[in-house]
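# An overview of the molecular structure
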Amino acid sequence: MTADPRTRVRSLDDPQLFVETPATIYDAVPPYPPSTEREAEFYTLRDGEMLINLGPQHPSTHGVLRVVLKIDGERVVDLDPVLGYLHRGVEKICENSDWHMVVSHCDPLEYIAAMFSELVPVMAAEQLLDVTVPRRAEYIRVLACELNRIASHALFIGWLALDLGGLTPILYGFIERDEIVEMLAALTGQRLLFNYMRIGGVNGDLNHEFMSRLGDWMGHAARHVNDSQTLINENEIFVKRTRGLGRIDRETALRMCLTGPPLRATGVPYDVRRAHPYGVYPELEFEIPVREEGDSYARYMLHLDEIRQSIHIIDQVLHQMPDGPVTAKLPRLLRPRPGRAFAAIESPRGQYAVYAMSDGSDQPFRLRIHDPSYFNLQSVGLLTPGHLIADTMAIMASLDPIMGGVDK
Amino acid sequence: MLTRSWSRLTLAGKVVLPLVAVLGGLTALLMLGVVLGIVQPITAFLVETLSLNGGLVRFVVAALAVLLFAIPTAFIIGFLELKVIAFMNLRLGPNRVGPWGALSAAFHGFKILAKEDFTPTGADVPVFTLAPVIVFLAPVLGFLVLPFAPGLFGQDMNLAVLYFFAMSGLGVVGLIMAGWSSFNKYSLLGALRAAAQIISYEIPLTLSVVGVIMLAGTLSLNGIVLQQAGSFLDWFAFRQPLGFVIFFIAATAEGNRTPFDLSEADSEIVAGYATEYSGMRFGFFYFAEYVNVFLLSALTVVLFLGGWLAPFDLGGVLHQIGVAFDPRLDPGSLGIGLLIGLLVVPLLIIIGLAVPFWLAKPGLAFWKALIIGFLLFNVLAAGAVLLWAVASFEVVQGLLWFMAKTYAFVVILVWMRATLPRVRIDQLMGFAWKWLIPAALLNLFVTALAVVVVDAVTR
Amino acid sequence: MNLIPGVGIIKGMALTLLRMFQAKATVQYPEVVQDISPRHRGRLQLLYDEYGALKCETCFQCAQACPIECIDMGGVDTKDRFHVHWGPAEQYGERREESALRRSGRPVPDRTSEPFATLDTAALDRILAAEDHDPRRMLTILERTQEAYGYLPVAALKHISHGTGAWYAEIYGTASFYGHLRLEPATGHVFAVCRCPACTFRGAGRAVAALEAALSTTMGASSPEGAVRLVPAECHGASPGRALVTLDGEVRHDIAPEALARQAIQLRAAHGPEGRA
């Protein structure tokens, strides 16, 4: 396209409107000349190739993600993800708000697993304030986080199956998740965006309602997820669609900075809870599930293993829970010392980290959020070319991105 | 008081209530006329003068009957799909709209009517408009040769099976027209996938039926059903098990049902060929899919499971246990007693049914109890008429068995949709060409060999 | 993995068939309401303790802590000297509707700056008892209150809130919605003209036109300086052969348009230099 980008032409959607860059009806190539090599490579179409937009509104992109596929018939030749449709300026908002308010802003970043996205800035602030969190609060944090991890994995199994066409496992996952989320609502007051973590502890102690629901749930923990296993694990169609798909080897995974289940599925036993322990994880016994194959099926099975490990952790936490306060005594107006802090935890998607810079005032100077989905999503461009369009969904679903975290 | 009640009705109520009243009045008049012997000469006169028995009129009536059958079938199957998948998902599905949510699919249909009907920019309008018509036409035309009951079929062609598969091929043309004319890459992909899929699966479909044709000796569907008469084990499903399985799998693929529904895979290419359609045009695709489901199940039943044949002889069983049922009624012999009976007996039954409700529930107005009684009376009367019809007419018996078996297979198709994920296009094609066609050919050879050998031996 | 292909599919289908006949997880909402946990944060209402007193201390902490600054509070200080953005808790409901206006910079009539006079609640108690303290009959209660007191004082609304259990904000909403309910005492003179067909035949239309012109206003509103109001009246068919026009409740006998206009101008002039009565 060599048209001058400043001329106004009639829009093809509404002939009364004049627009600068009309959506051309023949292909998705932008009307200005390519400005980078990558753009030039991507937007030159060879014979028989076509650019198709898995648009921001699509039933299977996990949130609003736009992926421009270059396809040759059914085979994907190249892939260009376009991010930013859910960008809310969270990091900038955090710069203008109190250290306490940062929790409610960072909550909706990984909205499915909100406990983790709240925990990280809180840990960074605690490092800057040199606060010791009471032990009971630490145990409650682990309990809440592991419950949230199970809820998040239940949903992952559901939408992996949904993207492949199976309608049932996601509903079973939601039944499971509903129980857990009602439990956490009894504890925190909300079902999705908990706003539970506080600098120096948590917002409220455990109450009877939460404990009774937890007790009921532990009796049949994750039984609906077991159902999903019967429907998915041995189903020939499912296995044929995910086995051998999106295979990553160790070196590529480490080079692409993958974390979490996609990394552990390639054989690298890296888990932040063991590599850089935080909270009371050093006192808890659990294994790090690892798989060797590195394909989508291995990532799926790894999530199931992690659910079992989480149940084991919850069991131990309930046995070892000490008494005590649930928040540290802190002044109302927090002024951490000027400096930098880095806090990383293991969220259901991988290593979730925050790099906080404080200049001594009551507002953070900078809060840089390293969300695992952002890094994991990069590998989609590496894994998909060569597969069919249908596999794009399978690969993306098995990497488990949450666009809230990707776009921040 | 009457005007106040009238003004409180909604528009629908204002239409339906007078209609019901008029219909009730006409029915009453008709019954009166039958009883008094007036109606018979009038109808005879009409048939003679207007030559209502002529070919054209019969054709129009038959076409109307087929269409009027297809649409409620689509609603029923749509409802089954919603409810059965919901139950398998451990949820309740629609349960507000009618009794147990039965009217929900019908309301989905009406809602689709109310949507905006547009053509996208750049679409090829005549082709775009005709495509849903052709897609709807294909399964509806297939109803023509389906034997619903002994003597109840549209046309007993001696090429019925061939006609049938030709009509499924017609559906492909409609899909490709839809995808191509939508001016949308998703639609194009969906249409091409659909075309490749349906064409590939036509072959195992037809090959698996050839075995049945060899055994039955005729291409006529009615003939195939009659050849399965005898006992339950004479059905072709037991004589051609491999053919049955292949046919069912290929039929699932022909109908674009999960696990082979990638042409409308709504997690990949939005709605495939139907992406740019809305309003009644989309309604046509929607109906066509459900009518196709019914058609394929019906075909499975007719070809392999004995069509309208009963698996066991109910009359014989009842005879064994000593229940004799002579359903021949002669209402004319009652004379004027019939009229009195028709007027008095229903009222008595309604009151009799209403009184327990009125007594049991305190605070229930008597007229409300009467309405409940009336509804129950209708149910009982319908049940009694049905039983009489089943006992006295072979047609009704056959029809009920046919419907039961067909809906069993419809439920199996819906069950597969609830449980199974989708296959990929290359896996789909591989499965058809590398597994189903060799299996169908194997089936064919074995059947042919068996027929020849058995023939030679018994000669 | 299974040796026989297809067994996995059969197992899956057997599971869904089994599930089809088991108890469903759906909660049928309007018939079955699930309990909400006591810590549920979704209900935006101020809580009362077991003695009926508001728990809110108006400490302003919530407004300060809110990350999106969506909480606003207002009122007077305890010595009634100035308005501040905090105050007695009962006024919170009243303030919330005005907070949007406040942010726009427009001046808002600050009703709470008038110390609310104590009210003789005897009449109000009688009305509430007659209406059975039923909050669903709020409009009737308010109309009768206005009849009793002439307008709806703030203290009366609070008394009604305590008596019926309805929120003050809801009562305020109802009162401000209807045109015939006044939240301020009626000032000035009132010309009331009936507009039923009988009165119109007898000259009410001309009377209304003359009054509208003299008062430079329309039916239902008051003259620009607020001295005289023109409201519709109901004669209930009792007019003795002439249109019903009342001034401050007294029936006027001379309803010639010129006479009415003259009197209206006189009343306006009488009130003019004194400002608003």
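Residues numbered from 1 in each chain as written. Chains lettered and ligands numbered in written order. Predicted model: local features only at pLDDT ≥ 70, side-chain atom pairs only at ≥ 80, totals over all residues. Heavy atoms only, no water.

Attention shifts here to the overall build of chain A. When you go through chain A residue by residue, the secondary structure sums to 17 helices and 10 strands. At 23 Å, chain A has a C-alpha radius of gyration in line with the 22 Å of a compact globule built from 408 residues. Looking at chain A as a whole, 59% of its 408 residues are labelled buried. Of the contacts formed within chain A by residues at least 6 apart in sequence, a portion of 70% connects residues at least 24 apart. (Helix = DSSP H or I, 4+ residues; strand = E, 2+ residues; numbered from the N terminus. Rg over C-alpha atoms; globule rule 2.2 N^0.38 Å. Buried < 20%, exposed > 50% of the residue type's maximum accessible area, 1.4 Å probe, protein only. Contact = heavy atoms within 4.5 Å.)

Opposite the 40 residues of chain A that make contact, chain B presents 27 residues. When the shortest N-O distance is used, the salt bridge between Asp391(A) and Arg424(B) registers 3.0 Å. Here chain A is connected to chain B by eight residue pairs in polar contact (both at pLDDT 80 or more). At the level of secondary structure, the elements contributing two or more residues to the side of chain A that touches chain B comprise strand S3 (49-54), helix H5 (135-164), helix H6 (168-188), helix H8 (223-232), helix H9 (236-242) and helix H16 (389-399) of chain A. At five residues, S3(A) tops the list of elements feeding residues into the side of chain A that touches chain B. Of the residues contributing to the side of chain A that touches chain B, the split by class is 24 nonpolar, 10 polar and six charged. (Salt bridge = Lys/Arg side-chain N within 4 Å of Asp/Glu carboxyl O. Polar contact = N/O pair within 3.5 Å; in protein donor to acceptor, adjacent residues only side chain to side chain. Nonpolar A, V, L, I, M, F, W, Y, C, P; charged D, E, K, R; others polar.)

Residue and element names in this part refer to chain A. One pass over the full model with this rule turns up 40 salt bridges over all chains. For Asp-400, the salt bridge identified is with Arg-349, shortest N-O distance 3.4 Å. Here Arg-349 lies in the loop between strand S8 (339-347) and strand S9 (350-358) and Asp-400 lies in the loop between H16 and helix H17 (403-407), a separation of 51 residues in the sequence. You can call Asp-400 buried: its relative accessible area is 1%. Arg-349 gets classed as buried once you look at its relative accessible area, which sits at 1%.

Residue and element names in this part refer to chain A. One finds Leu-69, Leu-147, Leu-184, Phe-210, Trp-217 and Tyr-300 to be the most contacted residues of the largest nonpolar core, which totals 122 residues. Take this core: its biggest share by element is 17 residues, from H5. Each residue touching Leu-69, except ones within four places of it in the same chain, is listed here: Met-50, Leu-51, Ile-52, Leu-54, Val-76, Asp-78, Leu-79, Ile-389 and Thr-392. (Core = buried A, V, L, I, M, F, W, Y, C linked by side-chain atoms within 4.5 Å.)

Attention now moves to the domain arrangement of chain A. Residues and elements named next belong to chain A. The domain architecture assigned to chain A consists of domain 1 (16-82) and domain 2 (90-407). A C-alpha centroid distance of 32 Å is found between domain 1 and domain 2. At the junction of the two partners, domain 1 supplies 17 residues and domain 2 supplies 20 residues. Between domain 1 and domain 2 lies a buried interface of about 1,500 Å² when both sides are counted; carbon and sulfur atoms form 69% of it. Three residues, His-62, Val-76 and Leu-79, lead the burial of domain 1 against domain 2; their summed loss comes to 41% of the area buried on that side. Where domain 1 meets domain 2, there are zero salt bridges. The interface formed by domain 1 and domain 2 contains four residue pairs in polar contact (both at pLDDT 80 or more). The element contributing the most residues to the side of domain 1 that touches domain 2 is strand S5 (residues 75-82), with five residues. In the side of domain 1 that touches domain 2, the residues fall into nine nonpolar, five polar and three charged. (Domains from an automatic or database assignment. Buried area = accessible area lost by both parts, 1.4 Å probe.)

Moving on: helix H10 (residues 257-271) of chain C. Residue and element names in this part refer to chain C. When the terminal C-alpha atoms of H10 are compared, their 21 Å separation across 15 residues agrees well with the 21 Å that a helix rising 1.5 Å per residue should span. For H10, the full list of buried residues reads Ala-259, Leu-260, Ala-261, Gln-263, Ala-264, Leu-267, Arg-268 and His-271. Buried residues belonging to H10 abut strand S3 (189-194), helix H9 (204-215), strand S4 (228-233) and strand S5 (245-247). (Expected span 1.5 Å × (residues − 1).)

This part is about the interface of chain C and chain A. Across the contact, 26 residues belong to chain C and 32 residues belong to chain A. Between chain C and chain A the total buried area reaches about 2,200 Å² when both faces are included, carbon and sulfur atoms providing 51% of it. Connecting chain C to chain A are one salt bridge. Here Glu234(A) and Lys11(C) are joined by a salt bridge, their closest N and O atoms 2.7 Å apart. Where chain C packs against chain A, one counts 11 residue pairs in polar contact (both at pLDDT 80 or more). Secondary structure elements with two or more residues in the side of chain C that touches chain A: helix H1 (7-20) and helix H2 (61-65) of chain C. Broken down by element, the side of chain C that touches chain A gets its largest block of residues, eight residues, from H1(C).

Attention shifts here to the side chain of Asp98(A). Residue and element names in this part refer to chain A. With respect to the helices and strands, the residue Asp-98 is situated in the loop between helix H2 (90-95) and helix H3 (102-106). Under the relative-accessibility criterion, Asp-98 is labelled buried at 17%. If we ignore the near neighbours within four places in the chain, the residues touching Asp-98 are Asp-362, Gln-363 and Pro-364.

What follows covers the sheet that holds S9(A). Residue and element names in this part refer to chain A. Reading across from one edge, S8-S9-S10 is the order of the three strands in this open sheet, with antiparallel pairing throughout. The sheet is open, and its two borders are formed by S8 and strand S10 (366-370), each paired with just one other strand. On average, each strand axis in the sheet is inclined to that of its neighbour by 15 degrees, with strand direction left out of account. Bridge count between S8 and S9: nine bridges; the pairing is antiparallel. When the sheet's bridge partners are listed, Arg-340 is paired in S9 with Met-357. Lying on the sheet, helix H4 (residues 114-129) is in contact with S8 and S9; it crosses S8 at an angle near 150 degrees. (Pairing = 2+ DSSP bridges. Axes fitted to C-alpha atoms, helices over the stretch in contact; angles between N-to-C directions.)

Next up on the list: unusual backbone geometry. A positive phi angle, close to 55 degrees, is found at Asp130(A), a residue other than glycine. Within the secondary structure, Asp130(A) sits in the loop between H4 and H5. Of note, Asp132(C) is a non-glycine position whose phi angle comes to about 65 degrees, a positive value. In this fold, Asp132(C) is placed in the loop between helix H4 (122-130) and helix H5 (138-149). Under the relative-accessibility criterion, Asp132(C) is labelled exposed at 54%.

Glancing now at the side chain of Arg281(B). Residue and element names in this part refer to chain B. Topologically, Arg-281 is positioned in helix H12 (residues 279-304). Classification of Arg-281 as buried rests on a relative accessible area of 17%. Among all residues touching Arg-281, those that are not within four sequence positions of it are Asp-117, Phe-118, Thr-119, Phe-128, Thr-129 and Pro-132.

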